[in-house]
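Residue-level listing of the chains:
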Amino acid sequence: MEQDRLWQAVLGDIEITLSRGNYLTWFKNTQLLKHSPDKLVIGVPNVFIKQQLERKYHDLVTETLLKNGVNVPLVEYKIQSVARKPEADDIITLPSPTGASEQYAQPAGTKISNSLAHAYRLGLNERYTFENFVVGSGNELAYAACQSIAANPGTRYNPLFLYGGVGIGKTHLIQAVGNAVLAGKPSARVVYVSTEQFVQEFVDALRYKKNTDFADFYRGADVLIVDDVQFLAGKEKIQEEFFHTFNALHQANKQIIISSDKPPREIPTLEERLRSRFVWGMSIDMQNPDFETRCAILQIKSEGHHIQLPNDVVDYLATNVSTNIRELEGALNQLLAFCEMRALEPNLAIATGLLGSSQARPKHLSARQIIERCARHYQVSVEDMLGPKRDKDIVVPRQVAMYMLRSELHLSFPKIARELGRKDHTTAIHSVDKIEREQRLDAEVRNSLAEIKERLYA
Ligand code: ADP
Ligand code: MG
């Protein structure tokens, strides 16, 4: 059929742009269901894949369609179970490399219910890889341990406990392990979760009486990665749950990776039995990298934007932004956005000017100021931002505001949702993720963000 041929061509193109693991996982079992001038419908095996395609791969799909001569205003994904009845959709299935479906998380015959939240739990961001992680002083040991784990999960260094200050590369590195494991074995059950999200899901599970689902899901992982575990402090019930999850996985020789901003002994009100579990394996601290490493990071990041930074600019940034890599990256992005908006080549004078003004930033921005600034930028009212309207004119500013609450104030997702009058914290996760992705792909979004920031910090 014409339709089949078109989709095979599109898949062929997609296959060469993605890693093999990702292609097999997300695209192998898709098909073209409908192709009319105004709409194209792609059949996918389950809601889990549907969400990933919508969230992460939609641009890739539309671009590849365009490349193959198809320009439709609307592309939709529809759950279409091929050899199964529709009710089978409430089991998470992932296509295996052989093409047969296999259950995603299946500890000893349990079926995992497919609530929305589950799709987020996988949580890996492809952007974080070993390839784009610069190894240098401060992170060599952590890097080596992570690589060794990626090659042989669950054998040595279990659990791995990485700790260090903010913005130092913990999340990057532990996500890279997950991505590498999946690339080597697409059927592996790799789960990355922030502690915030783990706690929130646990609370929801209790409320909706889904505790068994919750427990089964996490105990079904081959590799469980839990980020920022310091947020477990003082939460006794969830610590207990985590303790059991930990034991179940550890006994089954499944890999556990944990990160925190401080070593286990310094996390106040962490139960002793959990503390002792955390130090069973290997704990490594990550330090701020030295000047050379910071320079290398700047170079790699600017190459990612297809820009060659002059050496004096690299030197200047690496010397003056030495707190952590996140700040360094922030300064670089600010510089690149500023230059892009004005079609200038980055140079030392611009860098000095920008950094000088950003170092004079007021320390205490409020959430309200950010929301107001976003509203003004998009010329909508704050009332509408906080209200129920769902048209695009309002949704985009709202998503940008959520993103900025995260990037500028590091608020938790539940708090971000509350600031914008939303009940569901997954909306905040989704929005932050979406803008994060768009700002990398779309210069207009990048410019808007830079403009809003410029005004905020003016
Ligand atoms: P943490 O989790 O420790 O707070 P992140 O992993 O989020 O820090 O790192 C902050 C930013 O800095 C990320 O964008 C990450 O990609 C980048 N980064 C940190 N260390 C490195 C490194 N060694 N090489 C490349 N990028 C790095
Ligand atoms: Mg982190």
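Structure shown above.
Structure report, in brief. (Residues numbered from 1 in each chain as written. Chains lettered and ligands numbered in written order. Predicted model: local features only at pLDDT ≥ 70, side-chain atom pairs only at ≥ 80, totals over all residues. Heavy atoms only, no water.)

Looking at the site of ligand 1
(1) Moving on: In the vicinity of ligand 1, 18 residues are found, and the nearest of them are V134, G167, T171, H172 and E329.
(2) Moving on: The backbone of G167 places a nitrogen or oxygen atom 2.6 Å from an oxygen atom of ligand 1.
(3) Moving on: Here an oxygen atom of ligand 1 and a side-chain polar atom of K301 are 3.0 Å apart.
(4) Moving on: Taken by itself ligand 1 offers 560 Å² of open surface, and the protein chains cover 96% of this.
(5) Moving on: When residues of the shell around ligand 1 are traced back to their parent elements, those giving at least two are α6 (170-184), α11 (291-304) and α13 (325-341).
(6) Moving on: Of the residues belonging to the shell around ligand 1, the class tally is seven nonpolar, seven polar and four charged. (Near = heavy atom within 4 Å. Polar contact = N/O pair within 3.5 Å; in protein donor to acceptor, adjacent residues only side chain to side chain. Areas by Shrake-Rupley, 256 points an atom, 1.4 Å probe, with all protein chains shown as cover. Helix = DSSP H or I, 4+ residues; strand = E, 2+ residues; numbered from the N terminus. Nonpolar A, V, L, I, M, F, W, Y, C, P; charged D, E, K, R; others polar.)

Let's talk about helix α17 (residues 392-409)
Note on helix geometry: an α-helix contains 3.6 residues per turn, so any two residues three or four positions apart are oriented the same way.
(1) Moving on: The terminal C-alpha atoms of α17, which comprises 18 residues, lie 25 Å apart, in line with the 26 Å expected from a rise of 1.5 Å per residue.
(2) Moving on: Taken together, the buried positions of α17 are occupied by I394, P397, R398, Q399, V400, A401, M402, Y403, M404, L405 and E408.
(3) Moving on: Considering only its buried residues, α17 is in contact with α15 (367-378), α16 (382-386), α18 (413-419), α19 (425-441) and α20 (443-456).
(4) Moving on: H410 lies just past α17 and shows a positive phi near 55 degrees. (Expected span 1.5 Å × (residues − 1). Buried < 20%, exposed > 50% of the residue type's maximum accessible area, 1.4 Å probe, protein only. Contact = heavy atoms within 4.5 Å.)

Here's the deal with the environment of L232
(1) Moving on: Tracing the backbone through its elements, the reader meets L232 in the loop between β8 (223-227) and α9 (236-251).
(2) Moving on: Ignoring sequence-local partners within four residues, the contact set of L232 consists of T195, V199, I238, Q239, F242 and L274.

Some words on the pairing of strand β9 (residues 255-260)
(1) Moving on: The element β9 is extensively covered by neighbouring structure, given that six of its six residues are classed as buried.
(2) Moving on: Alternating positions in β9 separate into two faces, Q255, I257 and S259 on one and I256, I258 and S260 on the other, with burial throughout.
(3) Moving on: Here four bridges tie strand β6 (residues 160-163) to β9, and the two strands are oriented parallel to one another. From the neighbouring strand, F161 faces β9, where its bridge partner is I258.
(4) Moving on: Between β8 and its parallel partner β9, the chain crosses via α9, and the hand of that crossover is right-handed. (Pairing = 2+ DSSP bridges. Right-handed = clockwise from strand over helix to strand, strands pointing away.)

Digging into the pairing of strand β2 (residues 39-44)
(1) Moving on: By the criterion of burial, β2 is predominantly enclosed, with five of the six residues buried.
(2) Moving on: For strand β1 (residues 31-36) and β2, the ladder comprises five bridges, and the chain directions are antiparallel. Bridge pairing in β2 places S36 opposite K39.
(3) Moving on: Of the pairings in the sheet, the one linking β2 to strand β3 (residues 75-79) comprises five bridges and is parallel in character. By the bridge assignment, I42 is partnered in β3 with Y77.

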